[in-house]
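# Structural overview
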Amino acid sequence: MRTLMKTLAKVLLAASMVWMGADMASAADPAPAPVKLQGLRGGTPLTQDNAPEGSRQERDHAPSDRDFVQQPPLIPHTTQGYQITKNYNKCMDCHAFQKAKAAGAPKVSVTHFKTREGTELDNISPRRYFCTQCHVPQTDAKPLVDNTFQRARGLQ
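Quick notes on the rules
- Residues numbered from 1 in each chain as written.
- Predicted model: local features only at pLDDT ≥ 70, side-chain atom pairs only at ≥ 80, totals over all residues.
- Heavy atoms only, no water.
- Helix = DSSP H or I, 4+ residues; strand = E, 2+ residues; numbered from the N terminus.
- Buried < 20%, exposed > 50% of the residue type's maximum accessible area, 1.4 Å probe, protein only.
- Polar contact = N/O pair within 3.5 Å; in protein donor to acceptor, adjacent residues only side chain to side chain.
- Contact = heavy atoms within 4.5 Å.
- Disulfide = S-S within 2.5 Å.
- Salt bridge = Lys/Arg side-chain N within 4 Å of Asp/Glu carboxyl O.

What follows concerns the side chain of N89. Within the secondary structure, N89 is located in the loop between helix 1 (2–28) and helix 2 (92–95). We classify N89 as buried; its relative accessible area is 4%. Within the structure, the side chain of N89 is placed 2.7 Å from the backbone oxygen of Y129, a separation counted as a polar contact. In contact with N89, other than residues within four places in its own chain, are Q83, I84, Y129 and C131.

Shown next as structure tokens:
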């Protein structure tokens, strides 16, 4: 019983100290001003759409540097109007092994000719056929949020 009383006394003492500390903190500092949060939609209500902001794909230019080791290369030209379907891939008009030299374009990487298990294929692997799921064209769009990303040390 004596141990129980000591434990109860310690709990009450700790609780009163917490209460006193919270009371003193609230008396010393006035309540902070509420923070005004701004979503990516700005002040537009959910029932309305934001007007699209103008952005454009950049025209042909030199290939950009990569920012991390396994980054797929960015597309240094416009792809507007390119058709990529299960039966046709416009990218292969220039980047296929047989056409790349004449087009002055880089060849599709040999990694694109392997299955998930590593078996080599005669043609591009179906999982690598839709180029724009990894490779994206550059654009002049402004970032939506602040970014502190830094390139991989080996690429700086």
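Structure shown, so let's carry the discussion forward.
Here the focus is the state of the cysteines. The tally for this structure, following the rule as stated, stands at 0 disulfides. Residue C131 stays outside any disulfide, its sulfur separated by 3.8 Å from that of C91, the closest cysteine. On the basis of relative accessible area, C131 is assigned to the buried category, the value being 13%.

For the coordinates displayed, the defined rule picks out 3 salt bridges. Note that D65 is salt-bridged to R151, the shortest N-O span being 4.0 Å. Here D65, found in the loop between helix 1 and helix 2, pairs with R151, found in the segment after helix 3 (100–103); they are 86 residues apart in sequence, far enough to count as distant.

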